[in-house]
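Chain and residue survey
Listed here are the chains, written in short residue letters.
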Amino acid sequence: ATISDSTAVSNLLHGISAGPSSVVSRCTANSNTSSGISAGLGSVLTDDPASSNSGAGISVAGQGTIRNCTAVSNQTGFLTGPGSTIVSSGAHTNTQDGIVASSNTIVRECTATFNGGVGIRADVNARVVDSVASSNTTDGIQVSSACTVMGNTSSSNGNGGVGAGIHVTANN
């Protein structure tokens with residue numbers, strides 16, 4: 001399915017729920033009681049702002065792409081399934097983590113600031129490249145095993161009392 005130039009506000013569950021291989025572009029999702037935008041396997045989300053949703057601002061199942069999107073004041077900013085890519089997107093003032101990237105995901109040129117948990121959290125074999133994480137409550141960037149963290153800036157994190165700029169949680 002292709003969904004574009006649409007707005008979803010104050011819905012009981014997801015603002016926009018798109019199936020596998022969907023394209024969601026220039027859509028806005030605000031104040032929904034679950035995720036703002038949720039898309040299936042292999043979907044592409046572009047230029048979509050999501051704010052004040054009770055779940056994730058924007059989530060995509062595996063092998064999806066999130067590009068030029070913003071997630072502000074949601075429970076979690078972005079959630080990706082395995083093998084996804086999130087690029088040139090921003091997660092700000094979410095109550096929990098800003099970006100949660102599953103295994104084998106690429107996070108590139110993203111910004112995560114003032115989130116209530118970790119700015120950017122990445123699982124096994126993920127890559128976090130050329131991104132910025134600042135003023136998050138715990139870690140700026142937190143990765144698991146076999147991850148690549150390169151060209152990032154992490155500053156003023158741990159304002160909740162404990163946190164590292166870049167934190168590796170497992171052995172390679």
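A short tour of the structure in this document, coming up.

Rules used in this analysis
Residues numbered from 1 in each chain as written. Predicted model: local features only at pLDDT ≥ 70, side-chain atom pairs only at ≥ 80, totals over all residues. Heavy atoms only, no water. Pairing = 2+ DSSP bridges. Helix = DSSP H or I, 4+ residues; strand = E, 2+ residues; numbered from the N terminus. Axes fitted to C-alpha atoms, helices over the stretch in contact; angles between N-to-C directions. Buried < 20%, exposed > 50% of the residue type's maximum accessible area, 1.4 Å probe, protein only. Core = buried A, V, L, I, M, F, W, Y, C linked by side-chain atoms within 4.5 Å. Contact = heavy atoms within 4.5 Å. Salt bridge = Lys/Arg side-chain N within 4 Å of Asp/Glu carboxyl O. Lys, Arg positive; Asp, Glu negative; His and termini not counted. Polar contact = N/O pair within 3.5 Å; in protein donor to acceptor, adjacent residues only side chain to side chain.

Quick look at the sheet that holds strand 21 (residues 141-143) now. Spatially, eight strands are ordered 3-6-9-12-15-18-21-24 in an open sheet, and the strand pairing comes out parallel. The sheet terminates laterally at strand 3 (16-18) and strand 24 (166-168), the two strands that pair on one side only. Neighbour to neighbour, the strand axes of the sheet diverge by 10° on average, direction disregarded. Here strand 9 (residues 56-60) pairs with strand 12 (residues 76-80) via four bridges, running parallel. Bridge pairing links S59 to L79 in strand 12.

With parallel pairing, eight strands are arranged side by side in an open sheet as 1-4-7-10-13-16-19-22. The outermost strands of the open sheet, each flanked by one partner alone, are strand 1 (2-4) and strand 22 (148-150). Each strand axis lies, on average, 5° off the axis of its neighbour in the sheet, ignoring direction. When strand 16 (residues 106-108) meets strand 19 (residues 127-129), the two strands line up parallel, connected through three bridges. Residue V107 lies in a different strand from strand 19, and its bridge partner there is V128.

This paragraph deals with the pairing of strand 9. Of all five residues in strand 9, five are buried, a share of seventy percent or more. In the sheet, strand 6 (residues 37-39) pairs with strand 9 via three bridges, with the strands oriented parallel. Bridging across to strand 9, S38 finds its partner in S59.

The subject of this paragraph is the nonpolar core. Of all hydrophobic cores here, the largest spans 31 residues; its most connected members are L45, I58, F78, I99 and V107. Breaking this core down by element, the ones donating at least two residues are strand 3, strand 6, strand 9, strand 15 (99-101), strand 18 (120-122) and strand 21. Residue contacts for V107: discarding those within four places in its chain leaves I86, I99, A101, I120, R127, V128, V129 and S131.

Using the criterion set out here, one finds two salt bridges in the structure. Ionic pairing is found between D5 and R26, a salt bridge with its closest N-O pair at 2.8 Å. Within this pair, whereas D5 is found in the loop between strand 1 and strand 2 (7-9), its partner R26 is found in the loop between strand 4 (23-25) and strand 5 (28-30), the two being separated by 21 residues in sequence. With a relative accessible area of 52%, D5 lands in the exposed category. With a relative accessible area of 44%, R26 lands in the partly exposed category. Here D97 ties to R121 by a salt bridge, and the two come within 2.7 Å at their closest N and O atoms. Of the two residues, D97 sits in the loop between strand 14 (90-92) and strand 15 while R121 sits in strand 18, which places them 24 residues apart along the sequence. On the accessibility criterion, D97 (11% relative accessible area) is buried. Assessed through its relative accessible area of 30%, R121 is described here as partly exposed.

All right, on to the pairing of strand 12 then. The buried fraction of strand 12 is high, at four of five residues. Inspection of the sheet shows strand 12 paired to strand 15 by three bridges, in the parallel sense. For F78, the partnering residue across the bridge sits in strand 15 and is I99.

Take the side chain of D139 next. The topology assignment puts D139 in the loop between strand 20 (132-134) and strand 21. It turns out D139 is buried and unbridged, and the closest side chain with the opposite charge, R121, is 6.7 Å from it. At 2.7 Å, the side chain of D139 and the side chain of H167 are in polar contact. Ignoring anything within four residues of it in the chain, the contact list for D139 reads G117, V118, G119, N157, G163, A164 and H167.

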